[in-house]
Amino acid sequence: MRKSEVLAAEAVTCLNKALCHLKDIWEEIGIPEDQRLQRTNVVKNHIKSLLEMMIKEEESLRTRLISSIQSCRTEMEQLYLELQLPVFEEETGITVLQQEKNIRTQVEALLKEKAQRMQQLKDLLEQDQDLCDVLCSAPYGIHPDFVPTPEQLESFSQHIANQNAEKARRYAEFMDLKQRIILYMGELDHVPETSFEKDVVCEDEDSFCLSGDNIMSLKLLVCQLEEQKAENEARCEAHREQIQRLWDRLAVPQEEREAFNEHMVASRRRNLEALRVEVQRLEELKRLNVCNVTEAIRAEIAVFWEKCFLSTDQREAFAPYFSEVFTEELLSLHEAEIQRLKQHYEDHRELFEGVHQWEDSWRLFLQLEKKANDPTRFTNRGGNLLKEEKQRSDLHKSLPKLEKKLKAQMDAWESEQGREFLVKGEKFLAYVEEQWELHRVDKEKEKQERHLKKSKQTEEDMLYGTAVRTPSKRRLLATQTPTKSRKVVRCLKFDTWSLTPPQASPAAPPTAPAAPSMAERCAALRRSAPLCRLTRLRRRGPPAAVDPTTLGCRAATRRTRPS
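Residues numbered from 1 in each chain as written. Predicted model: local features only at pLDDT ≥ 70, side-chain atom pairs only at ≥ 80, totals over all residues. Heavy atoms only, no water.

## Details of the confidence of the model for the chain
And step 1. Across the chain, pLDDT averages 77, with 80% of residues at or above 70.
And step 2. Across residues 471–515, confidence stays below pLDDT 50; counting only partners more than four residues off in sequence or on other chains, it has 31 contacts. (pLDDT = per-residue confidence, 0-100. Contact = heavy atoms within 4.5 Å.)

Rendered as structure tokens:
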């Protein structure tokens, strides 16, 4: 039995006891029956009203619980719908009170979740608004009154993170562009004029709108300033070149040039103005010194004629170069010609430098070829001979490669320009072939001269005898060896025998002379002339008649002795 039922039975027992006690009291007092009935009726009505009131209160409680359940269930369903969560499954077989408590707890949890999401959304919306104000971008597409889902909040948070990164990137780019703008304006002596330039240079960095259009405007402003700076630098550089050229032509003193050095480096607006004024002053001075300036330009023209390999006809085609009447018109013609030559040289610098390289290599090759035929080169010390031979071998290999490379470049140039590339009035390859042919002819000529000289020497040796020829060496302190003496004597004996004319009878055909004996050779040595006299005779040429029998042999014998 439940405790409530026990309590109810006790309540009934107490009521019965109370009624019995009242009955006893009434009996003792002697209350009549009608009054007892009346009093019992009062007790009954009182108990009945009390119980009815209690029942009414409990029924009211039950009604409130049922009403709360209904309202909480409705609110819960609405929260589930707003939060986009699955519907809560209620437990079955529970009392109304437990059911109301479960539903109310679930509603409180849903309300807390909703409040958290709405607060997070509010914070994100505030950050997004700040970023939109700075970046001048559109706000994130989310309704502030709707409860967002966790996925939407995550996406919104990622969007805010991206916007912050974009803000940092644009801010860094803005600071870099601002520094460059300030630097360029300082170099150009430029003062901010437009409101945009003032906002960039003068205002605080945090107040500047980092929109895409503003960043593009900043880049455009930087490009404009860079172009203006490049234009100023180009103009200043042109003025400097013109000033330097006029200084050289007018022979301006070095002190005056050094006083102007400040404007020959920087390219600010004041430097440009100073350079312009100096050019005007030098131009006026040039007009007053037409003759000297023209001569200076002519010297420069002659230099570029050599650089461009112009022939004599091409040089003479510029008739004003040879004029002696110096006027401003003549000066203008010379200035136009030097500009044309400079442009022509710059347009074909690679070809001209290649030709110069070939000429320098060819000149060095000829020098090494000439040194190769010099007998004194064998007396050089320090390995110069080996270096020269290696250098000559390298040039002999590199020259054809360089010629092949220049030929390809010239063929491309001629096909592009539609005309021939001339060097000193003729095609370069023809010029190269001519130089090689001249080199070959010179070598052939030298070879023939050596052959002719050798033949002539052989004839003189057959006629006057052979002198001892040894390569020049340093004299030694020691005496000559007997072997060397014997070699000299043997050579002299042979030469003396060659001076003895062969005996032939007029009737018989010429025959080879018989080999002389040792006694005859010694007698021939005694009759031979001194070597110094033989040398003098060789220098003066062959005499009309030489009698070998009249020559002595003391000089030859003295020659064979060791020194």
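Let us keep going from here.
## Observations concerning the packing of helix 2 (residues 33–83) against helix 3 (residues 96–135)
And step 1. Between helix 2 and helix 3, whose axes approach to 9 Å, the crossing angle comes to 30°. With respect to each other, helix 2 and helix 3 are oriented roughly parallel. With respect to the hand of their crossing, helix 2 and helix 3 are arranged in left-handed fashion.
And step 2. For the contact of helix 2 with helix 3, a count of residues per class yields 14 nonpolar, three polar and eight charged. (Axes fitted to C-alpha atoms, helices over the stretch in contact; angles between N-to-C directions. Helix = DSSP H or I, 4+ residues; strand = E, 2+ residues; numbered from the N terminus. Parallel < 35°, antiparallel > 145°, perpendicular 65-115°, else oblique. Left-handed = near helix turned anticlockwise from the far one by under 90°. Nonpolar A, V, L, I, M, F, W, Y, C, P; charged D, E, K, R; others polar.)

## Here's the deal with the packing of helix 4 (residues 150–188) against helix 6 (residues 212–250)
And step 1. Contact geometry of helix 4 with helix 6 gives a least axis separation of 10 Å together with a crossing angle of 30°. Taken together, the axis directions place helix 4 and helix 6 in an arrangement best described as roughly parallel. When the axes of helix 4 and helix 6 are compared, the crossing they make is left-handed. Facing Arg-170, Glu-173, Phe-174, Leu-177, Arg-180, Ile-181, Tyr-184, Met-185, Glu-187 and Leu-188 of helix 4, the residues of helix 6 in contact are Gly-212, Ile-215, Leu-218, Lys-219, Leu-221, Val-222, Leu-225, Glu-226, Gln-228, Lys-229 and Asn-232.
And step 2. Its residues placed into classes, the contact of helix 4 with helix 6 shows eleven nonpolar, three polar and seven charged.

## Focus: the packing of aromatic side chains
And step 1. What the rule picks out here adds up to nine aromatic pairs.
And step 2. Between Trp-305 and Tyr-321, the aromatic rings sit 4.6 Å apart at their centres with planes inclined by 50°, giving tilted as the arrangement. Here Trp-305, found in helix 9 (residues 290–307), pairs with Tyr-321, found in the loop between helix 10 (312–316) and helix 11 (328–347); they are 16 residues apart in sequence, far enough to count as distant.
And step 3. By relative accessible area, which is 4% here, Trp-305 ends up buried.
And step 4. One aromatic cluster is present, formed by Phe-304, Tyr-345 and Phe-352 through successive ring pairs. (Phe/Tyr/Trp six-rings, centres within 6.5 Å; stacked < 30°, edge-to-face > 60°. Buried < 20%, exposed > 50% of the residue type's maximum accessible area, 1.4 Å probe, protein only.)

## Focus: unusual backbone geometry
And step 1. The phi torsion at Gln-84 lies on the positive side, around 55°, for a residue other than glycine.
And step 2. Summarising the element assignment, Gln-84 is placed in the loop between helix 2 and helix 3.
And step 3. Using a relative accessible area of 55% as the deciding quantity, one classes Gln-84 as exposed.
And step 4. A positive phi angle, near 55°, is found at Cys-136, a position not held by glycine.
And step 5. By the secondary structure assignment, Cys-136 is in the loop between helix 3 and helix 4.

## Some thoughts on the nonpolar core
And step 1. Counting 46 residues, the largest nonpolar core has Ile-301, Trp-358, Phe-421 and Phe-428 as the members making the most contacts within it.
And step 2. Looking at which element gives the most residues to this core, the answer is helix 12 (residues 349–372), with seven residues.
And step 3. Ignoring any residue separated from it by four or fewer positions in sequence, one finds Trp-358 in contact with Leu-399, Leu-402, Glu-403, Leu-406, Phe-428, Tyr-431, Val-432 and Gln-435.
And step 4. Formed by 15 residues, the second largest nonpolar core is a distinct cluster that contains Leu-177, Ile-181, Met-185 and Val-222. (Core = buried A, V, L, I, M, F, W, Y, C linked by side-chain atoms within 4.5 Å.)

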